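Close look at the chain arrangement
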Amino acid sequence: MAENSIQITDLDSSQRAELFGEFQKNIRDIESWFSVRCRQQGSEIRLIGEGEDVQVALGCLERLVELARQGLLTDRKVAETLMMCKNRLHPDELKASVRLKKTLILPKSRQQNAYLEAISRHDVNFGIGPAGTGKTWLAVAKAVEALEQEQVSRLVLTRPAVEAGEKLGFLPGDLAQKVDPYLRPVYDALYEMLGFDKVEKLIARHVIEVAPLAYMRGRTLNHAFVILDEAQNTTPQQMKMFLTRVGFGSRAVITGDITQTDLPGHRTSGLQQVLDILRPVEGIGFTHFTARDVVRHPLVQNIVEAYEDYERKHPQD
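Residues numbered from 1 in each chain as written. Predicted model: local features only at pLDDT ≥ 70, side-chain atom pairs only at ≥ 80, totals over all residues. Heavy atoms only, no water.

Things to note about the overall build of the protein
Along the protein, the regular secondary structure elements total 12 helices and 11 strands. For 317 residues, the compact-globule estimate of 2.2 N^0.38 gives 20 Å, and the protein sits close to it at 22 Å. Across its three principal axes, the protein shows a C-alpha extent of roughly 70 × 50 × 45 Å. Contacts in the protein between residues far apart in sequence, at least 24 positions, make up 69% of those at least 6 positions apart. Just so you have it, the protein exposes about 16,300 Å², and 50% of that area is on carbon and sulfur atoms. Side chains of the protein give 40 positive and 43 negative charges; the mean places of these two sets differ by 4 Å. (Helix = DSSP H or I, 4+ residues; strand = E, 2+ residues; numbered from the N terminus. Rg over C-alpha atoms; globule rule 2.2 N^0.38 Å. Contact = heavy atoms within 4.5 Å. Areas by Shrake-Rupley, 256 points an atom, 1.4 Å probe, with all protein chains shown as cover. Lys, Arg positive; Asp, Glu negative; His and termini not counted. Charge placed at Lys NZ, Arg CZ, Asp CG, Glu CD.)

Thoughts on the pattern of salt bridges
For the structure on display, the rule yields 14 salt bridges. Across the salt bridge formed by Asp-29 and Lys-25, the nearest N and O atoms sit 2.7 Å from each other. Pair noted here: Asp-29 and Lys-25 are both in helix α2 (residues 25-34), with a separation of 4 residues, about one helical turn. On the accessibility criterion, Asp-29 (11% relative accessible area) is buried. Residue classification places Lys-25 among the partly exposed residues on the basis of a relative accessible area of 29%. In this structure, Lys-108 engages Glu-80 in a salt bridge whose closest nitrogen and oxygen atoms are separated by 3.8 Å. Linking Lys-108 in the loop between β5 (104-105) and α5 (110-121) with Glu-80 in helix α4 (residues 75-86), this pair joins segments that are 28 residues apart in sequence. Accessibility classification places Lys-108 together with Glu-80 in one group, the buried group. Salt bridges linked by common partners bring Asp-10, Glu-66 and Arg-69 together as one network. (Salt bridge = Lys/Arg side-chain N within 4 Å of Asp/Glu carboxyl O. Buried < 20%, exposed > 50% of the residue type's maximum accessible area, 1.4 Å probe, protein only.)

Digging into the sheet that holds strand β10 (residues 251-256)
Read across the open sheet, the 6 strands follow the order β8-β7-β9-β10-β6-β11; overall the sheet is parallel. Of all the strands in the sheet, the pair left with one neighbour each is β8 (208-212) and β11 (284-288). Direction aside, the axes of adjacent strands within the sheet are offset by 15 degrees on average. In this structure, strand β9 (residues 224-228) lies alongside β10, joined through 4 bridges in parallel fashion. Note that in β10 the partner of Phe-225 across the bridge is Arg-251. In the packing of helix α10 (residues 236-243) onto the sheet, the strands contacted are β6 (124-128), β7 (154-159), β9 and β10, and the crossing angle to β10 comes to about 155 degrees. Helix α11 (residues 270-278) rests against β6, β10 and β11 of the sheet, and its axis sits at about 130 degrees to β6. (Pairing = 2+ DSSP bridges. Axes fitted to C-alpha atoms, helices over the stretch in contact; angles between N-to-C directions.)

Quick word on the pairing of strand β2 (residues 37-41)
Across 5 bridges, β2 lies against strand β3 (residues 44-49) in antiparallel orientation. Paired with Gln-40 across the bridge in β3 is Ile-45. Where β2 folds back on β3, the antiparallel hairpin that results is connected by 2 residues, among which Gly-42 adopts a positive phi of roughly 65 degrees.

Points about the packing of aromatic side chains
Given two aromatic rings, their pairing is described by the distance between the two centres and the angle made by the two planes. Using the criterion set out here, one finds 4 aromatic pairs in the structure. Between the aromatic rings of Phe-126 and Phe-286, the centroid separation amounts to 5.1 Å while the plane-to-plane angle is 10 degrees, which identifies the pairing as stacked. Here Phe-126 is found in strand β6, whereas its partner Phe-286 is found in strand β11, with 160 residues between them in sequence. For the pair shown, Phe-126 and Phe-286 are each scored as buried. Seen from their ring centres, Tyr-187 and Tyr-191 are 6.1 Å apart, and the 25 degrees between their planes marks the pair as stacked. Here the residue Tyr-187 and the residue Tyr-191 both occupy positions in helix α8 (residues 184-194), the gap between them amounting to 4 residues, near one helical turn. A relative accessible area of 9% means that Tyr-187 is categorised as buried. Taken together, the ring pairs in this structure connect Tyr-187, Tyr-191 and Phe-196 into an aromatic cluster. Across the ring face of Trp-33, the terminal group of Lys-86 is positioned such that the distance to the ring centre comes to 4.8 Å. When the ring centre of Phe-286 is taken as reference, the NZ or CZ atom of Arg-279 above it lies at 4.5 Å. (Phe/Tyr/Trp six-rings, centres within 6.5 Å; stacked < 30°, edge-to-face > 60°. Lys NZ or Arg CZ within 6 Å of the ring centre and 35° of its normal.)

Here we look at unusual backbone geometry
Unlike most non-glycine residues, Glu-150 shows phi in positive territory, near 60 degrees. By the element assignment, Glu-150 lies in the loop between α6 (135-148) and β7. Exposure remark for Glu-150: the relative accessible area of 70% places this residue in the exposed category. Here Glu-230, not a glycine, exhibits a phi torsion of approximately 55 degrees, which is positive. Overall, Glu-230 belongs to the partly exposed group, its relative accessible area being 25%.

This is the structure we're talking about:
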């Protein structure tokens, strides 16, 4: 067994509370993620475990202490730091970034880094992988960056209106209002990056258009950044229709998780099919995410890994 320690004498009581988390949650997460034991003795935290596990856990704890010292420690930061340390990543390895007027967004995994680089290089990109890997979030971030830098004149954000295994019944309003609940994750990302008031003004001026996929037919989208979210729920015909909407000076990002298709009657997913069709075509980017790239609650990564393991063992289920 190996042992190492870190001093937290320079943290005040509130910073220590943030570091430990409610009911020592952050310390317990470090113990479970890195198979170590943490023991606090006054202003010292001792880590006990196997040699490499202790070193990685110590590096993670040092990053969390620095964030607490700066007053930047949040649940999201804790989850991101745990994931990066578990994947043996140092922030200096990740060169890509998204520079917005309100914030700087950095990738949290090698695949997120590759995804941002691909979006910068290619006019059409696919981001495929499980929930929580940042596919939609980063695509929206790149779209906002392109708009702020005047690389495009508008954003078009769309997704198919397919219920996720539930029958929601009648919804009031016109077609756009009926699909609003399905587009809520996109709105949430826009509000966080631009602010509620600015997003509403840009929507009113049609600079940002959030619409169901059905509205795309017959259009040509020039000088636009177009995002198709939840693309696993497109039919092959819808996918072809969407891809042929891309016009001059435009960029398109298609995101989805081919393991969570909600199409009725075992219909073929347009996303699954298009991966085979377009793989040989040059100038198109494909980024595949795995459970290692999940940046939500730390337990989500373990859940996704458990499902991936089950599906490998039971491919016909």
